Amino acid sequence: MTRPISRLALAAALATPLAATTLAAPAIANTREEQPSVTTTSAAATEIKPPVAAKRPHTYTVHGITVEDPYDWLYDKSYPKVDDAEVLDHLKAENAYFEAKMGGQAAFTEALFTEMRARIKEDDSTVPQKDGDWLYWSEFEEGAQYRKHYRKPVAGGEAQLLIDENELAKGLEYFRLGAASISKSGRYLAYSTDTNGSERYTARIKDLQTGEHLPDVIENLRSDLVWVKNDTALVYGPSTEEWRTLEAKMHVIGTPTSEDVTLYKEEDQSFGVGTGLTAQEDWLVIATGDNETSEVRLVPADNPTAAPILVRPRKKGVEYSVDVRDGELWVLTNDDHINFRLAKASLAKPGEWQTVIAGSDEFYLTGFDLFKDFFVTEGRLNGLDQIQLRQYAAPAKVTPITFPEPSYTAGLSNNPEYDMKKLRLAYQSMVTPSTVYDYDVKTGKLETLKTQEIPSGYDPKLYVSERLTITARDGTQVPVSVVMRKDRAAILKKAGIEGPGPLHLYAYGAYGYAVPPGFSTTRLSLVDRGFAYAIAHIRGGDDLGRRWYLQGKLFERTNTFNDFVDAGRGLIARGYTAEGKVTASGGSAGGELMGAIINQDPAQYGAVVAHVPFVDVVNTMLNEKLPLTPGEWQEWGNPITDKAAFAYMLSYSPYDQVTAKAYPPMLVTAGLNDPRVTYWEPAKWVARLRELKTDDNLLLLKTNMGAGHGGQSGRWNSLKETAEEFAFILWQMGMAPKQ
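Residues numbered from 1 in each chain as written. Predicted model: local features only at pLDDT ≥ 70, side-chain atom pairs only at ≥ 80, totals over all residues. Heavy atoms only, no water.

Caption draft 1: Broad picture of the overall build of the protein chain. Secondary structure summary: the protein chain contains 15 helices and 38 strands in total. Here the protein chain has a C-alpha radius of gyration of 26 Å; the compact-globule value for 739 residues is 27 Å, and the two agree. Taking the principal axes of the C-alpha coordinates as reference, the protein chain spans close to 70 × 55 × 55 Å. Going through the 739 residues of the protein chain one by one, you find that 59% of them count as buried. (Helix = DSSP H or I, 4+ residues; strand = E, 2+ residues; numbered from the N terminus. Rg over C-alpha atoms; globule rule 2.2 N^0.38 Å. Buried < 20%, exposed > 50% of the residue type's maximum accessible area, 1.4 Å probe, protein only.)

Spelled out as C-alpha cells, the structure:
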C-alpha cells in the first residue's frame, strides 16, 4: 500500500526535471487601450507593457500579527468556480503579455520542440507483461498525443484494443486517463478519466467480451478502482467538495450509484483514504492517514461488507503499510526506527508486530513486495536505490541486484502476478536511457528487454555524470548529481562563451520525495549547448533517509531553501559555473523553493522557472476550506492554532517576503483548474513582484485556462511547454538565435 496522497504529491510524480508529472478588470492600472494584444512581432514585443494588477486594501490579523494582502482580490471567492470577470480579464492579460513577449522566440521554440520531438520514438510501445491468461501492453502510434492499451492471449491470438485514449480525448482541450483496472476474470475493464485537469474523475466499465460499456457511471472520484466480490463490485474513493477522499465506497455492478455502500468513512478531515488488494488478492486493504500517521483495516475481498480487522489504531507519527501472505500479516513501519522496519503478525493479533528486518541507520527501507517463493525489499543506501531479494525461511540473507554505474535510479516495475519467476525491473541514470530488464530469480541473470530508443541519435560516451557533496552553511553534506558533455569547454568556446559556462539546477525538496538521478531526452537541449545540469538532493526529500526528509519540514523548512542556495554557490566555487549563470526550475513545492531562493540570493540566478508554485503559503494554510489544506498541516504546520508556526511560515512564504530589489528573469505558470496549488497563488505572487522589483528583467505569467496541476495533457502539448521553458532560459542567458 502506498502512503496517502498529499496536496503536492502529483507534482512530485511529475517532477522529472524539466519535463513532464508536476504548474483579477481589469483591475489593471493601465487603460483598456494600453492592455497587451496578442502579437508575435518582435517590435510589438519590445513596446508592450506588462499588466499591472490593482492594489486593493485588504489586511488580516492572526495571533496579533497583521498582514497586508492587497492582491487578495485575485482569489475568486466562488472557487472552484472561477467566473469573476475582473480576475479572468487579468489572467487573460497576463497570457497575452506572455504570448507577445515569447512571440519573438516562436521560431526558436518551434526549433527546440522539433529537436526534442526528434529524440522521441513516435510509434513506441511498452514491453508486454503477462497477467493471468493475457499479455498486456500500451503503445503510441506515430503522431498520436495519447496511448492505446492492448492485450492478447498468452496462448496466441489477435490483439484486443482495451482503451484508445486518443478517441476518448477527441475534441477536448485536456484529457488524462486515471485508474484502469481489469477484473480478476479478465472480462471487465474499469477506468476513469479527467477532462479538465480538476482531478475529479469519471469512471466507466467496459465489457471486454462484447466491447460495449455497461450503463454504470461513477462520477467525481479521486482514487483507484478495485475489483471485489468476485468481480461483481468496485471499490472507489469519492471526492468531497474540497477534493478530499474521506470514504471507501463499493459500487455493485448494475445498481444505481445512489445505493453504493460506504465501507469506511474517515472523520478526520486531514486524513485521506485509499484502497488496494493484498499480494494474493484475497484481502481488501483500506488505508487512511496523513503525511505522518497511518491506520489500516482489512476486509475479505469476496465479502467487503464484513466486519473489518483494524491492524493497529493510529498513533501520531507512526506510519505503516501492510500486505498479507498465506494468512500472515506483513507490516512496514517506522514505529521503532526512523528508517522503518519490516515486521510480521497474525491476523488474530494484527497489532502485535514481530521484527523480520530491523531498522537501520545506514539502510533506508522504503518498500516491500511479497511473491509466492520469495519477497523483495527496496530502499536506499547512501542515497542510491537498492533492490534486494530475500527468502521467507531466511529473511536476513540478502541477494542484491547490482548495477554498474555509480549513480542511477532503479526499482521494481510491473510485476502483477503473485507467482513470478522473473522480476520486471526499471533502470536509468543521467547518461543511460530508460532500460527495462527481466531478472531471473533462479539464475540471477539480468536480461535487457528494451532500452529507450532515441531516433535522432544519442551517444552516452559523449557525456559524463558525477555525484558530488557540497557543504551547506550548517555543515550538512548535500549530494548533487551532475551531467554534462565531456567536450563542454569546446562547445562553450565555439558559442563564444567566456569563462565558466551556464548550469541548470533543479530540486523539489518536500514530502520526502527524492528526485531520482534519471535520464531525460529534453534535458539534452540544454546540455548539448554547453550547460551543466545538476540535481540538488536537498533536505525535504528522503534521498538520504527519513531523517533527511524530517530536516526539511515544519520548523526546519528553511533548510531546504538554504541547501539549494548553498548547492549553487558550491558549484560556482568549484568552477562549474559563475554567479548569474545559474538557471533554476521547480514545480509546486519546488515552485515554493524557487520563490524562496530568489528572495534569499537573487544575484546567483540568470533565469528562474516556477511551475504552479506554492508561494502564498500562509494564506493557503490558514484557509481550511481549500482543497486538501488540513492534510498539509503535518508538512508545513498549522498557522491557525500555532502562533510559532504562523510566524515561521510568514518568515519564508515567498509571496509575503517579496521586497524592493532586483530579481532575475522569471517564467511562472499556473493552472486555472488546479486543485493543489490554486491559480491565484502564482497570480498574486507575480503581481507583487511586478509592484516591488527594481529591475527591468522579464517576468512572465502563463495560466493554462483549461488545465490543472500537471499542465497541458498529451505528449506533444506537454513537450511544447517544455520547449517554451527552454526557449525562455536560453533567451535570457543570451544563447537564443539572434532575431
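Caption draft 2: Region of interest: the nonpolar core. Core analysis: the largest hydrophobic core is formed by 95 residues, its most contacted members being Val-482, Phe-564, Leu-571, Trp-636 and Trp-685. One finds Ile-48, Phe-98, Met-102 and Ala-727 within the second-largest nonpolar core, a separate group that totals 27 residues. (Core = buried A, V, L, I, M, F, W, Y, C linked by side-chain atoms within 4.5 Å.)

Caption draft 3: View of the sheet that holds strand β22 (residues 354-357). Reading across from one edge, β19-β20-β21-β22 is the order of the four strands in this open sheet, with antiparallel pairing throughout. Because the sheet does not close on itself, it has two edges, and the strands there are β19 (320-325) and β22. Strand-to-strand twist of the sheet, defined as the mean angle between neighbouring strand axes without regard to direction, takes the value 30°. Where β19 meets strand β20 (residues 328-333), six bridges bridge the pair, whose relative direction is antiparallel. Each residue of the ladder has a partner; that of Asp-323, found in β20, is Trp-330. (Pairing = 2+ DSSP bridges. Axes fitted to C-alpha atoms, helices over the stretch in contact; angles between N-to-C directions.)

Caption draft 4: Structural detail: the packing of aromatic side chains. All told, the structure shown has 26 aromatic pairs when counted by the stated rule. Aromatic side chains Tyr-79 and Trp-680 sit 5.0 Å apart centroid to centroid with 90° between the ring planes, which places their arrangement in the edge-to-face category. Of the two residues, Tyr-79 is situated in the loop between β2 (65-68) and α3 (85-103) and Trp-680 in helix α14 (residues 680-692); the sequence distance between them amounts to 601 residues. The residues Tyr-79 and Trp-680 share a single accessibility class, namely buried. Considering the side-chain rings of Phe-375 and Tyr-392, the 5.4 Å spacing of their centres and the 35° angle between planes classify their relative orientation as tilted. In this pair, Phe-375 sits in strand β24 (residues 375-381) while Tyr-392 sits in the loop between β25 (384-390) and β26 (399-401), placing the two residues 17 residues apart along the sequence. The residues Phe-375 and Tyr-392 share a single accessibility class, namely buried. Here the aromatic cluster, defined as three or more aromatic residues joined through ring pairs, consists of Tyr-75, Tyr-79, Trp-243, Tyr-679 and Trp-680. Between Arg-200 and the ring centre of Trp-243, over which it is positioned, the NZ or CZ distance is 4.0 Å. (Phe/Tyr/Trp six-rings, centres within 6.5 Å; stacked < 30°, edge-to-face > 60°. Lys NZ or Arg CZ within 6 Å of the ring centre and 35° of its normal.)

Caption draft 5: Just the packing of α3 against helix α15 (residues 715-732), in detail. Following both chains from N to C, one finds α3 and α15 inclined at 60°, their axes separated by 11 Å at the closest point. Classified by the interaxial angle, the pair formed by α3 and α15 is oblique. The hand of the α3/α15 crossing is left-handed. From α3, Phe-98, Lys-101 and Met-102 reach across to α15, where they touch Glu-724, Ala-727, Phe-728 and Trp-731. (Parallel < 35°, antiparallel > 145°, perpendicular 65-115°, else oblique. Left-handed = near helix turned anticlockwise from the far one by under 90°. Contact = heavy atoms within 4.5 Å.)

Caption draft 6: Seen up close, the pairing of strand β13 (residues 247-252). A large share of β13 lies buried, amounting to five of its six residues. Bridge analysis of strand β12 (residues 233-236) against β13 gives four bridges, and the strand direction is antiparallel. By the bridge assignment for β13, Tyr-236 is matched with Lys-249. The sheet contact formed by β13 and strand β14 (residues 261-265) spans four bridges and is antiparallel. Bridging from a neighbouring strand, Ala-248 pairs with Tyr-264 of β14.

Caption draft 7: Main features of the pairing of β20. Along β20, five of the six residues are buried, which leaves the element largely enclosed by surrounding structure. Bridge count for β20 against strand β21 (residues 341-346) is six bridges, and the pairing is antiparallel. Bridged to Thr-333 within β21 is Arg-341.

Caption draft 8: Geometry of the side chain of Gln-634. Among the structural elements, Gln-634 can be located in helix α12 (residues 629-636). Since its relative accessible area comes to 12%, Gln-634 is described here as buried.

Caption draft 9: Representation of the layout of surface pockets. Of the pockets and cavities examined, the second largest pocket occupies roughly 260 Å³. Lining of the second largest pocket is provided by 13 residues; of these, Pro-50, Lys-693, Asp-695, Asp-696 and Asn-697 occupy positions nearest its centre. Here the residues of the lining of the second largest pocket are counted per class, giving six nonpolar, two polar and five charged. (1 Å grid on protein atoms, 1.4 Å probe; cavity = no way out; pocket = protein on both sides within 12 Å on 5 of 7 lines; lining within 4 Å. Points joined across faces, edges and corners; volume = space filled by probe spheres on them. Nonpolar A, V, L, I, M, F, W, Y, C, P; charged D, E, K, R; others polar.)

Caption draft 10: The arrangement of the environment of Lys-738 in detail. Position of Lys-738 relative to the elements: it lies in the segment after α15. Taking the C-alpha atoms as reference points, Lys-738 and Phe-108, separated by 630 residues in sequence, lie 9.7 Å from one another.

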